[in-house]
Amino acid sequence: MRINDLERRIREDAYGIAPALVAIRRDIHAHPELAFEETRTAGIVAAELARLGIPHVTGIGGTGVIGTIEGGRPGPTLAIRADMDALPIHEETGLDFASRHAGKMHACGHDIHTATLLGVAALLKDLAPMFAGRVKLVFQPAEEVLQGAAAMIADGAAEGIDLALGFHNQPDLPVGRFGFARGACLAASDRFDLSIRGKSGHAAHPYAAIDPIVAASAFVAQVQTVVSREVKPLHPAVVTIGAFNGGTTYNIIPERVHLKGTVRTLHQAARDTAQAAIRRLAEGLQTAMRVECTLDYQQMVPPLVNEDRVMAPVLAAVRAQFGDVIDEGEASMGSEDFSEFAARAPSFHLRIGSGAPGRDDRLHNAFYQPDEDCIGNGVQALTRATLELLA
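Anyway, here's the lowdown on the structure attached to this text.

Rules used throughout
Residues numbered from 1 in each chain as written. Predicted model: local features only at pLDDT ≥ 70, side-chain atom pairs only at ≥ 80, totals over all residues. Heavy atoms only, no water. Core = buried A, V, L, I, M, F, W, Y, C linked by side-chain atoms within 4.5 Å. Buried < 20%, exposed > 50% of the residue type's maximum accessible area, 1.4 Å probe, protein only. Helix = DSSP H or I, 4+ residues; strand = E, 2+ residues; numbered from the N terminus. Contact = heavy atoms within 4.5 Å. Polar contact = N/O pair within 3.5 Å; in protein donor to acceptor, adjacent residues only side chain to side chain. Disulfide = S-S within 2.5 Å. Pairing = 2+ DSSP bridges. Axes fitted to C-alpha atoms, helices over the stretch in contact; angles between N-to-C directions. Expected span 1.5 Å × (residues − 1). Arc of directions from axis to C-beta. Phe/Tyr/Trp six-rings, centres within 6.5 Å; stacked < 30°, edge-to-face > 60°.

Considerations on the nonpolar core
Consideration 1: Formed by 59 residues in total, the largest nonpolar core has its most connected members in Leu49, Ile80, Leu137, Phe139, Leu165, Phe348 and Leu350.
Consideration 2: A per-element tally of this core places helix H3 (residues 110–127) first, with 10 residues.
Consideration 3: Once residues lying within four places of it in the same chain are set aside, the contact partners of Phe348 are Ala164, Leu165, Gly166, Phe180, Asn306, Val310, Met311, Val314, Leu315 and Phe338.
Consideration 4: Residues Phe219, Val226, Ala237 and Cys293 belong to the second largest nonpolar core, which totals 25 residues.

Quick word on the side chain of Thr93
Consideration 1: In this structure, Thr93 sits in the loop between strand S3 (73–83) and H3.
Consideration 2: A distance of 2.5 Å separates a polar atom in the side chain of Thr93 from a polar atom in the side chain of Glu91.
Consideration 3: At 3.3 Å, the side chain of Thr93 and the backbone nitrogen of Leu95 are in polar contact.
Consideration 4: Other than its neighbours up to four places away in sequence, Thr93 contacts Ala98, Met105, Ala366, Phe367, Tyr368 and Gln369.

A short note on the state of the cysteines
Consideration 1: Under the definition given, this model contains 0 disulfides.
Consideration 2: With no disulfide of its own, Cys108 lies closest to Cys374 among cysteine sulfurs, the gap being 12 Å.
Consideration 3: A relative accessible area of 6% places Cys108 in the buried class.
Consideration 4: Just so you know, Cys185 is unpaired, no disulfide at all, and the nearest cysteine sulfur is the one on Cys108, 14 Å from it.

Regarding the sheet that holds strand S8 (residues 188–197)
The strands making up a sheet associate through hydrogen bonds between their backbones, and the pairing can be parallel or antiparallel.
Consideration 1: Ordered by their spatial adjacency, 4 strands build an open sheet running S10-S12-S8-S13, and the pairing between neighbours is antiparallel. The open sheet has two edge strands, strand S10 (237–246) and strand S13 (292–301), and neither has a second partner. Geometrically, the sheet is characterised by an average inter-axis angle of 15 degrees between neighbouring strands, direction not taken into account.
Consideration 2: With 9 bridges connecting them, S10 and strand S12 (residues 256–265) associate as antiparallel partners. Counted as the bridge partner of Thr240 is Thr262 from S12.
Consideration 3: Contacting S8, S10 and S12, helix H5 (residues 212–223) runs over the sheet at an angle of about 170 degrees to S10.
Consideration 4: Strands S8, S10, S12 and S13 of the sheet are contacted by helix H7 (residues 268–289), whose axis makes an angle of about 165 degrees with S13.

Describing helix H10 (residues 373–389)
At 3.6 residues per turn, the α-helix brings residues three or four places apart onto the same side.
Consideration 1: Between its first and last C-alpha atoms H10 spans 25 Å; for 17 residues at 1.5 Å apiece the expected length is 24 Å, and the two agree.
Consideration 2: A large share of H10 lies buried, amounting to 15 of its 17 residues.

Observations regarding H5
Consideration 1: With 12 residues, H5 should cover 16 Å at 1.5 Å per step; its first-to-last C-alpha distance of 16 Å lies within 8% of that length.
Consideration 2: Among the residues of H5, Pro212, Ala215, Ala216, Phe219 and Val223 are the ones counted as buried. Projected onto a plane normal to the axis of H5, the buried residues spread over an arc of 95 degrees and lie on a single side.
Consideration 3: Summarising the contacts, the buried residues of H5 are in contact with S8, helix H6 (225–229), S10, strand S11 (252–253), S12 and H7.
Consideration 4: The residue sitting at the N-terminus of H5 and contributing the capping side-chain oxygen is Asp211; that oxygen lies 2.9 Å from the backbone nitrogen of Ile213.

Considerations on the packing of aromatic side chains
Consideration 1: Summed over all chains, the structure comprises 4 aromatic pairs.
Consideration 2: Seen in terms of ring centroids, Phe192 and Tyr297 are 6.0 Å apart; in terms of plane orientation they differ by 5 degrees. Their pairing is stacked. Here Phe192 is found in strand S8, whereas its partner Tyr297 is found in strand S13, with 105 residues between them in sequence.
Consideration 3: For Phe192, a relative accessible area of 1% corresponds to the buried category.
Consideration 4: Ring-pair connections join several aromatic residues into one group, and the members of that group are Phe192, Phe219 and Tyr297.

Structure (structure tokens):
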């Protein structure tokens, strides 16, 4: 098949199934499910794969689904991953297909991702004789809590994978554009809980108590020096305290304060430095402030690193399908557990423009409304990329 014929066939096939994919997306959007609760969504995925005649398995990593398409000749195995879970956000869009479940919303576009990968499955099923090897369609739960990829991998989802593709809708790119960042494109994500125990007492007599609020406040101030004074300036890092809980009323010094924090880094050296520094600051607080500190520090997911040998053919495929529509961007300190797959096989994470004309949307927002045309664009890009990678 000539290149122009291939471009036309992929475009026409994607346009042909776009209404059905939008309908699937809206159905999933109206019925959002949180991490590891995606039973209805997984059921929709499994039913669609069955309709397409694609062999699949369910219950991987809890609620994950994996479909497999065999190519026309021997070759490597490519995994394409889409996440399925929603967020604990109350939707405020007022759309006809808005969430029917209070406090739950697809505010990150995982409904878009699920529909997109189902579209890729439909096109690749018909194009299978054209590629070598096989494609594993990975529909993953629990990305928002950064645990779904690890759960699926523990159930064997990464076994035999030679290459992997991830993707995400990108509202700061207009629909019709695509984006990428070289190297480490998303940060490692770690988190910690720090419990500080003092000695409760009357607010009028602080000398007779040990104030954990003052100790916790000192820690919050000191931990900011981790980035400014310990991590190499050329290695981006973020340390944020997201929760500070303690005390009940005006005139009581409490017994305990609890802090929750997150650490984001793009380099392993910065990751190790930040963890060591936070542990040291917590230990020092005990001597300096006479409190007892209990630190629970968890490394969650590694940085997501784009490999040139996967990135280059994918970008070439997108240009072949759409023309000059790709923007090179910067790394983000956000995190994405597709990095668990990327740590096991050469990978690339594609940004798919979803910004609607006249809007200024952001992810994880109660009013988020991505342009649904990004579904068809994603189908075309990922299909063409698959044929390029498995040529």
